[in-house]
Amino acid sequence: MSSSGKHHPNLNRARLLAVLLIFFSLAGWMNQAFLSQFIVSNPLPVHTLLETVTIIIFTSVFIVCWNAFGSTRKISSVILAVAFLCTAILGFAHAISFMGMPGFDTAIDMHKSFSAWLASRAIVAATLLGLAFDPEDADISQSQSYAILLSALTGTALWAGLIFFFPHMIPLTYVEHLGQTWFKVACEVGLIGINLLSAYLFYQHASKLETSNSAEHLHINRLPLFLASLLLAVSEVYFCIYTETNDLNIVLGHLMQLMAAIAIYRSMVAVNIHTPYAQLAESSKQLELSTEELRIERERLSRMIDTAIDGIITVNEEQKIILINPAAAGIFGYEVGQLEGSSLDRLIPMRHRHAHGSHVKKFGETGVTRRKMGTHYEDFYVTGCRADGEEFPIEASIAHQLENGKRFYTVIFRDITDRKIAKEKMAAYHEELSQLSGVLQSIREEERKHIARELHDDLGQLLAALRMDLSLLQRDNQLTARNESTIQSMDQLILSAITTLRRIATDLRPRALDEGGLYFALQTLQKEFSQRHQIHCELIADEEQLILDDAQSTAIFRIVQESLTNVARHAQAETVHIEFSETETHLKFTICDDGRGIEEEDIRKTRSFGLVGMRERVKAMHGTFTVHSNTGEGTCLSIELPRLHADHEKRMQTGEFHTMLIQQDLKH
């Protein structure tokens, strides 16, 4: 994660330590005459102690880098581990061959010690420089890790053998009474340069990057490595300027080296040991917080379930009740303790138990997480069984979830006995109203037929006879011109009355419907409509399609008649199309105009009596009635009627059907 240096909590401290280190080192280097007054009387134990501590620290770096991440290693962790192990081995070779150790008293022995020293310092400097360049890391297999380790140990062993058994093959590093050679000093200067470059690169990285807290891979804290590289560079300066083994510069150089080893330990070992434990502590804290939140949520959920009005039941795959709230137990007439752990079959009627189990299992296998139960398209109810054996309807929804590979089902339900009874009553009332509407339509049609017959047969005959009498009077020669004019006026009035009477009678009950059938009546209606309203009306029908019983013929005629009346009053149309078609079971017809259309809210108005009447007529014949209309694009009525069975047609023709409905209505 990127962050500017000013936000890094330890960057200013590292700067201060670096400045103090350089200041005091410069002071010591510039006052060698003063430091030369201090002689280490017995330098071997001090040197051995400081080297031993450094070797232990480098060995710790190897142990952590090699083992901190198990078999999942990064190549960087393997190289670091191997490099510091080899450094520790060569450091040990340097320590045991230092002048004064048993068997190592000559200048050639000191040359061996310095050769091991330079090799170990070179490995450390090269490793730190490689880390400073921050190369991309990659996974490495366990066999590859051991191959690198074996190769490095082999190389270290060969170099140690060369130092101890063939020292003359290595450029001389120490001359008795003269001290270090130019080759030794040149190597030290090269190491100083490498360490200073590493320090600069580590400082640049530390000013831009924060230390990661992840424990998945090897972690490196770059600030301690910046100080370690600087300390190693300073220590190499001390190792360049001393002449005798009892010189204080050697002790100061080893102290700087020890502090560098500690810094390396802090950057790699401490980070990679402490980080997992710090993360574990943080995870434990988060786990405690999550546990407490889970407990609070569980208590809240438990209170919600216990106080819910609806019943809630959770069962497992064996249909055993795992959870049930008081409302559910009360609905079935039990206590909560009586149902927990028992089978759900206890709450299901005997005849439904086997099917219910298979349905629930099938629901769990569909992958759908929740749905309503039951099959009724409106109520979605199932049947429950109370403790006393009474069955009652339940509106329910079911959901399922997987927990640790086990499936659980939760049902939320309510008793809808009262609602079902009320709905059944409403349905019965609606059916009675529909029957009453049908009866009223039939009665009205019969009354219309009766009035039309009376007008045509009685009043029409009287008017015709009266006109005949007037015709006889007109032939009388004794009538004066004035009387003749009056009689002619009376004749015109009687003729107008006869025409009006016929029109009224036709509107009440067209004789064409009784005499010629539905097809002939519709043709007559079509012609009269076109002549009266000057609107082109087209009838597309087959006479054989319209051979129906009287009830259906009358209903269809009235629907077409009412539709044409609406067109004339409201549509402002120029053309109307009436088209009939049929199948084996249904008769279909449409009435479409090209008028201004009907607004959606007007279609839904309950006071649109024309549409309501047509809809009721269609419903009485168990048909479907649909209105399609767009403003400015006309209106189209679609009606589909089932063809009646023979026994039903016979009852309709004989009036038995009407009588039955009237009797039922009177009973209610």
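Scoring rules and cut-offs
Residues numbered from 1 in each chain as written. Predicted model: local features only at pLDDT ≥ 70, side-chain atom pairs only at ≥ 80, totals over all residues. Heavy atoms only, no water. Patch = residues over 30% accessible without salt bridge, like charges linked within 9 Å, V, L, I, M, F, W, Y side chains within 5 Å. Areas by Shrake-Rupley, 256 points an atom, 1.4 Å probe, with all protein chains shown as cover. Salt bridge = Lys/Arg side-chain N within 4 Å of Asp/Glu carboxyl O. Helix = DSSP H or I, 4+ residues; strand = E, 2+ residues; numbered from the N terminus. Pairing = 2+ DSSP bridges. Axes fitted to C-alpha atoms, helices over the stretch in contact; angles between N-to-C directions. Contact = heavy atoms within 4.5 Å. Buried < 20%, exposed > 50% of the residue type's maximum accessible area, 1.4 Å probe, protein only. Core = buried A, V, L, I, M, F, W, Y, C linked by side-chain atoms within 4.5 Å. Expected span 1.5 Å × (residues − 1). Parallel < 35°, antiparallel > 145°, perpendicular 65-115°, else oblique. Nonpolar A, V, L, I, M, F, W, Y, C, P; charged D, E, K, R; others polar.

Outline a nonpolar patch on the surface, supporting the account with residue identities and numerical values.
On the surface, L16, L17, L20, F23 and F24 cluster together into a nonpolar patch covering about 520 Å² of accessible area. Structurally, L16 can be placed in helix 1 (residues 11-29).

Tell me what's going on with the sheet that holds strand 15 (residues 635-642), and back it up with residues and numbers.
Overall, mixed pairing links the 5 strands, which are arranged 11-12-13-15-14 in an open sheet. Edge positions in the sheet fall to strand 11 (536-540) and strand 14 (624-629), since each of these pairs with one other strand and no more. Strand-to-strand, the axes of this sheet are offset by a mean angle of 10°, without reference to chain direction. Relative to strand 13 (residues 586-593), strand 12 (residues 575-582) runs antiparallel, the two being bridged by 7 bridges. Bridging across to strand 13, V576 finds its partner in D593. Sheet contacts for helix 17 (residues 550-571): strand 11, strand 12, strand 13 and strand 15; angle to strand 13, the most-contacted strand, approximately 15°.

Pulling in residues and values, what's your account of unusual backbone geometry?
The backbone of Q319 shows a phi angle near 65°, a positive value even though the residue is not glycine. As for its placement among the helices and strands, Q319 is situated in the loop between strand 5 (311-315) and strand 6 (321-324). Here the phi dihedral of Q572 falls at roughly 55°; this positive angle occurs in a residue that is not glycine. In this structure Q572 comes out as exposed when scored by relative accessible area, which is 67%.

Let's hear about the nonpolar core: which residues, and what values?
Side chains of a nonpolar character, in soluble globular proteins, are inclined to be buried together. Core analysis: the largest hydrophobic core is formed by 48 residues, its most contacted members being F84, I264 and M268. Those elements giving two or more residues to this core turn out to be helix 1, helix 3 (43-67), helix 4 (75-96), helix 5 (107-132), helix 7 (182-206), helix 8 (222-241) and helix 9 (248-307). Ranked by residues supplied to this core, first place goes to helix 8 with 10 residues. Among the nonpolar cores identified, the runner-up in size contains 36 residues, and L525, L546, V560 and A571 belong to it.

Describe helix 6 (residues 142-165), with residues and values.
Relative to the 34 Å expected for 24 residues at 1.5 Å per residue, helix 6 spans 34 Å between its end C-alpha atoms, a close match to the ideal helical length. Considered for burial, the residues of helix 6 that qualify are S145, L149, T156, A160, G161 and I163. The inward-facing, buried residues of helix 6 abut helix 3, strand 1 (73-74), helix 4, helix 5 and strand 2 (139-140).

Give me the pattern of salt bridges: which residues, what numbers.
What the rule picks out here adds up to 11 salt bridges. Between K184 and E188 there is a salt bridge, with the nearest N and O atoms lying 2.6 Å from each other. You can see K184 and its partner E188 sitting in helix 7, 4 residues apart, about one turn around the helix. For K184, a relative accessible area of 1% puts it in the buried group. The class for E188 is buried, based on a relative accessible area of 0%. The closest approach of N and O atoms between K420 and E424, which form a salt bridge, is 2.5 Å.

Which residues make up the packing of helix 16 (residues 518-533) against helix 17, and what values do they have?
Interaxial distance between helix 16 and helix 17 falls to 10 Å at its minimum, and their mutual angle equals 10°. Judged on the interaxial angle alone, helix 17 and helix 16 are roughly parallel. Contacts between helix 16 and helix 17 involve L518, A521, L522, L525, F529 and H533 on the former and, on the latter, S553, I556, F557, V560, Q561, L564, V567 and A568. Looking at the contact of helix 16 with helix 17 residue by residue, the class counts come to 11 nonpolar, 3 polar and no charged.

Take it as geometry only, folks, not as evidence of what the structure does.
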